[in-house]
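Structural overview
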Amino acid sequence: MLHILHIIKKQFTAIMINVLVCAVTQSFGQDTLAGNYPLLSIKSGNHVIKSVVTVKGKLDIEAGAKIELIEPGIIVCEGSVNIKGELNNKIEIFGKFNMEGVGIVIKDLDSNINSTIDIRYATFKNLQLPLFFDFGWKRKGVNISDNYFLNNIGKVSVIQVLNPPFNFNLDSSYIDFKVKNNVFTGNNAALYFEDLKSDHINYDISNNTIVGNNVYGFKNYNISTNVLYGRVDQLFSRFNPKIESNSFAFNYLVDNITDTVVHLANFGVYGTDKTIDFKNNFLGSTDKAAIQKSIYDQTLNYNAPKVEFEPFLSTPSESNPSHVYEINNLDNSYLQDTIVIKDPLKGLVLKANTNLNYTKAKFVYTYFKDDSSLKLVDTTVTYDVQPNGNSTKLTITKNVNASKKVGYYKIGDILDPKGGYVPEVKVGYIAYLNDLRRRKLIAEFLKEKKTEDSLKLPPPPADSIKNQFQKIEAPLKSRLEFGLYNGLAIFNGTISQGSLISNDKNLYNGININYTIFSNISASMTIASFKLSNSDANSNNNEQQARGMSFSTSMLSVSTSFNYDFVDNRLYTKAKRIRPSIGVGLDVNSFSPSGIYNGVEYKLQPLGTGGQLIDSTKKAYSSLALGYFFNFKIKYQINRFNSIGLHMSIHKSLSDYLDDVGPDLYPSIDKIMNSKVDNKDVAIYFSNPTSRNVVGQYRNSPNNAKDGYINFGIFYSRRLFK
Amino acid sequence: MQKMVISILVFFIQEDYLNKMSLRNNISYFLIAFALVLVAACTKTAVIPPLEFQKQLLAGTGSFQNTQHVWQLDSTKINGVNSVLTNVQKNYKKTFTFDGGYSDTDNNTGKWEIPALNKLKQTFIYQLTNKQDSTTYDIISINSAQMSLSLKLVNGQTAIYSFKISN
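None of the values given here were measured: they were computed from a predicted structure.

What follows deals with the sheet that holds strand β13 (residues 141-145) of chain A. Strand pairs in the sheet, formed through backbone hydrogen bonds, run parallel or antiparallel to each other. Residue and element names in this part refer to chain A. The strand order β2-β4-β7-β10-β13-β16-β19-β23 describes an open sheet built from eight strands, whose pairing is parallel. Each edge of the open sheet is held by one strand with a lone partner, namely β2 (40-42) and β23 (242-244). Put simply, the sheet's adjacent strands are angled 5° from each other on average, direction ignored. By the bridge criterion, six bridges tie strand β16 (residues 175-180) to strand β19 (residues 201-206) in an arrangement that is parallel. If you follow Val179 over to β19, its bridge partner there is Ile205.

All names here are of chain A. Enumeration according to the criterion identifies 24 salt bridges over all chains in this entry. Residues Lys58 and Asp60 are paired through a salt bridge, measuring 3.7 Å at the closest nitrogen-oxygen approach. Assessed through its relative accessible area of 36%, Lys58 is described here as partly exposed. With its nearest N and O atoms 3.8 Å apart, the salt bridge here joins Lys180 to Asp204. Here Lys180, found in strand β16, pairs with Asp204, found in strand β19; they are 24 residues apart in sequence, far enough to count as distant. Assessed through its relative accessible area of 26%, Lys180 is described here as partly exposed. Residue Asp204 is classed as buried on the basis of its relative accessible area, which comes to 11%. It is possible to trace a salt-bridge network through shared partners that takes in Asp370, Asp435, Arg438 and Arg439.

This next bit is on the packing of aromatic side chains. Considering all chains together, one arrives at 42 aromatic pairs over all chains under this definition. Ring centres of A:Tyr685 and B:Phe53 lie 5.2 Å apart, and the angle between their planes is 70°; on these two criteria the pair is classed as edge-to-face. Of this pair, A:Tyr685 sits in helix α7 (residues 680-687) while B:Phe53 is found in helix α4 (residues 50-59), placing the two residues in two different chains. Across the pair, B:Phe53 and A:Tyr685 agree in class, each one buried. A ring pair is formed by B:Phe96 and B:Trp112, whose centres lie 6.1 Å apart and whose planes are at 85°; its orientation type is edge-to-face.

Let's shift gears to the nonpolar core. Across soluble globular proteins, nonpolar side chains have a tendency to be buried as a group. In this structure, A:Ile93, A:Phe133, A:Ile159, A:Phe177, A:Phe193, A:Phe267 and A:Phe278 are the most contacted members of the largest nonpolar core, which totals 61 residues. Core analysis: the next-biggest nonpolar cluster, separate from the first, contains 33 residues, A:Ile684, B:Phe53, B:Leu57 and B:Trp71 among them.

Now for the confidence of the model for chain B. All names here are of chain B. Within chain B, residue pLDDT values average 83, and 84% of them lie at 70 or more. At the low end of the mean pLDDT range in chain B sits helix α2 (residues 17-20), at 48; at the high end sits strand β3 (residues 93-97), at 95. Here residues 15-19 is a poorly scored stretch, pLDDT under 50, and it has three contacts once near neighbours within four places are set aside; other chains count.

Residue and element names in this part refer to chain A. Residue placement: Gln292 occurs in helix α2 (residues 288-293). Among the polar contacts made by the side chain of Gln292, one reaches the side chain of Asp297 at a distance of 3.3 Å. At 3.1 Å, the side chain of Gln292 forms a polar contact with the side chain of Thr299. Excluding residues that lie within four positions of it along the chain, Gln292 makes contacts with Asp297, Thr299 and Phe309.

All right, on to unusual backbone geometry then. Residue and element names in this part refer to chain A. In this model, Glu71 is joined to Pro72 through a cis peptide bond whose omega is 5°. Within the element layout of this structure, Pro72 appears in the loop between β5 (65-69) and β6 (74-77). The amide bond that connects Glu310 to the next residue, Pro311, takes the cis arrangement and shows omega of 0°. Tracing the sequence through the fold places Pro311 in the loop between β30 (306-308) and β31 (324-328).

Moving on, we get to the interface of chain A and chain B. Contacts between the two partners involve 31 residues from chain A and, on the opposite side, 28 residues from chain B. A buried area of about 2,600 Å², summed over both sides, lies between chain A and chain B, and 64% of it is on carbon and sulfur atoms. Looking at the side of chain A facing chain B, the largest losses of area belong to A:Asn598, A:Ser691 and A:Ile714, adding up to 19% of the total buried there. Of all the elements in the fold, those that place two or more residues in the side of chain A that touches chain B are β39 (480-492), β40 (505-516), α5 (542-547), β44 (593-597), α6 (669-674), α7 and β48 (708-718) of chain A. Residues that form the side of chain A that touches chain B fall into these classes: 13 nonpolar, twelve polar and six charged.

So, how was this worked out
- Residues numbered from 1 in each chain as written.
- Chains lettered and ligands numbered in written order.
- Predicted model: local features only at pLDDT ≥ 70, side-chain atom pairs only at ≥ 80, totals over all residues.
- Heavy atoms only, no water.
- Pairing = 2+ DSSP bridges.
- Helix = DSSP H or I, 4+ residues; strand = E, 2+ residues; numbered from the N terminus.
- Axes fitted to C-alpha atoms, helices over the stretch in contact; angles between N-to-C directions.
- Salt bridge = Lys/Arg side-chain N within 4 Å of Asp/Glu carboxyl O.
- Buried < 20%, exposed > 50% of the residue type's maximum accessible area, 1.4 Å probe, protein only.
- Phe/Tyr/Trp six-rings, centres within 6.5 Å; stacked < 30°, edge-to-face > 60°.
- Core = buried A, V, L, I, M, F, W, Y, C linked by side-chain atoms within 4.5 Å.
- pLDDT = per-residue confidence, 0-100.
- Contact = heavy atoms within 4.5 Å.
- Polar contact = N/O pair within 3.5 Å; in protein donor to acceptor, adjacent residues only side chain to side chain.
- Buried area = accessible area lost by both parts, 1.4 Å probe.
- Nonpolar A, V, L, I, M, F, W, Y, C, P; charged D, E, K, R; others polar.

Now the structure itself:
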C-alpha cells in the first residue's frame, strides 16, 4: 500500500513539474506589447496586444509572427509599415474569440516622405477593423497583396481608406494604393474607399478574391451595403481607380435585425461623376440582370454614377487566389443559392478557378432536429471526389436526414494547389438562415409567453375543474421535486393520552419525491424513518395508569399520496410564494415494538404478550402494516427551484399492534409459564406490567383506540432540473 | 470563557456579519436551529435502575391501582426439600405497599426495604408482643408473577419461600 502511495506521489510530482514548466514556457514564449514605441520590430513567435500600441516610426513584423489582439488591442502606426510574411510562413494577426481586438490603424503624415505601407502574406482574422487608414494619413505608397482577410467580425469595414489631408491639393505627389491578390471571405463588412476617384490616391484593386462575405445593413439596399463601395466625384479627375480581374461571388447583404440574407451585394458607388469603370471582373454570374442586382448605381439611384461592368468575366482568372465560384447539381444544372434543402442532395459539382485539393476537405451537413426548436444536428458527409479540370464532382455516398428538416451543407478545409487556404463553400445557407429566424421568433415568442404566464395569474376559470386539471407540457424530469423532511412524530393509539401534546415526541426524518401531474395535482412518495413511543404512566386516565404499559418502536414508512395544490404548479411569481396543498395517501409501515425490562430492551412481538403464542388458534401479529393518511403542507417558494415549508400528516394504521397492545384478553400467567416462549419472566411482565387482577379484561381497554400517529415539521424541497 | 464570548461578539460586530447574511443563509440557519429544537424536544427514554425495578415488581409503582402487591405463599423448601404446606400456610400472604409498608395474614405489620439488589429487609412489629425485629431475605428471583426468597434459619438450615402474585 505504501509502495503504491509512493508511486502516486512520484507521478503527481512529475505532473506538477510538467505543468509548471509548461506554464513558465508559455509565459516566456508569449510577448505582451503595450505603450508607445519609436520603432517596433515584432519577431517571429507569439505576441499579445491588449491595449493601444503606438508606433511613431517604422513597424516591422517578421514572417511567422502571430499577434493576438484582445479588446481593446490596436496597433496605431504613424510611420512606415512593413508586414512581410512568406508564402509558407505567413504572419497572423487575429482577434481573441469573444474579445476581438480592433486591428491596425494608419494615421498622420510620416516625417519620412519615402515611408510606405507594405503588407504581404499576412492573415487578418477575427478582428473588428483589420486595416484603417485614418483621415489625414499620407505615405508614399501602399501595397496590400497576397493577404487573407478571414471571418472578421466587425460590421464597419474590413479595409477603410479615408482621404489624405486637405492641403494635399497643393502637392503634386500621389499615393499608389495597391490591393492585389488578396482573399476576402467570411467577413461581416465591406471594403470602403472614401474617394475611389482621387487626385491623390491611385487605386489599383485587382485580382482579388472577394467571396462569401456578409455585409450587414438593413433591407433597403444602399451604397454602403455592398462588399466594395466608395465615392466617385467629378471634382477629382486625376486618377481613375483600376478595379479589374477581381472575383465576386456569394457576397450578400444581410439584414441586421433578422440575420437573414436580403440579396447579392457586390459593388456600390455614389458621387457626382457620370460613370465608373468596373470592367473585366467576375461578378458571380454570367447573367447580366443578376449581376445588375448586385450593384448599387444609377440604375437604383439617379444621382449615383453608372457602373460600367461590361464586359465582365464569365469565369474568374486562374491568377486569382483559388476559390469556388459556382455550385452546380450533379447534372451540371445551376444550383440556386436560395435552395431549401430538406432532402439530402446526391452530390454537387464545384467549379473553381484552379485545381483544388479535396483530400482534407470536411463536408458537413447541418440540419434542424425537429420542426420548431433551435436544436441542430451536425453530420459528416461521406463522399467521392471526381476531379474534372478545375471542376470537381462530389458524390455523396451516404445519405442522412430522413426527418426532412431544413439544413445546409458546408465544405471547408479545401486547399489550393500550393496548399493554401480556400474559402469554404455553403449550400442552402440562405434558406437555413430564414428557417433559423423563424425558429428564433418562435423561441422568443414562447419565452415572452412564459414570462407573461409567470407574471400574470391565469385567466378567471370559465370551467374551474378543467382548469385545475390542465395538462402540463413539460419534460418528465422538470416535473420532479425532491424534498428533505424533518420534524416530530407523536403516537396516537392504545397507549396514548387524549391530549396529543402530552404524548412522547420523537424525531421524524424523511425524503420525498414529488411529481406534478396536472396544473394543480401532484403525486408524491415519502420514505420516512422515525420512532414512536409512549407510556401509560403519562396518562391522566386512571385506568390507563393502572394498566402501566409502555412501548417504543422504530418505524420505517413508505407513503404515497395525491395532493391538491391550491396554486397552479406551473406558475412562479413573487406574488404567489406561499402555496398550500392537501392530500390523501397510503402507508406501508414496518414496525417492531419493544420495551425495557430490568434495564434490557426486548422486542415485544416474539414474546406474545397478548397470549398469541400460548393459543394454537392465534399467531403473532405481522410487523408490516398498511395505513392511510391525510396531509397538509404550506410551501414557501424561495425561487423557481427552492422552497421550504411546513408539513403535517395524520396517519391511521390498519394494525392495532403498533404499540404491541391489541384487542386480546390478558393471558394467563400459568399458560405463559407452560408455553414455549423464551423469556417467560419478560413475557409475563409485559403482558400485565402492573400485575393487576385483570381476569376477563382486554389489554386495549379502557379506550380501545385504533393505532396511528401524527407527524409534523419543516421541509426543504428543490427542483433539480429545469 | 467570558473573554472568549466577548471576542466572538466583537468579531461579528466588526464584520457586520449579521447585516451581510443573505436570505439563503438566514433560511439555512433557521432550518438548522429548527432541527436542533426538534432534537431537543424529543422525549428521552428513561431506564429504570434494577434496584428501583425490583422495588416496583415487589410493591408496585405507586400509580393508580398499583400501590401494593400481594404475594401468596406457593411452596417452601428447607435445605432443598419441599415442605408440605398446611392450609393456613397455603393462604399466607404478604402485602408490600409501594411506600414501604408491610403486612401479612398473620397480622404482622412493619416496613420493607431493598437496601441492595436482591436483598429484602423486612422490619416486623409483632402484634402480640409489640416487639420489633428485622429479617433480611435474599431475593433469588422476582418477576411480575413470582418471587422466591431465601433465608438462613437459626438452626443453620436454608429455607426457600416461593410466592405468587395474588392481587
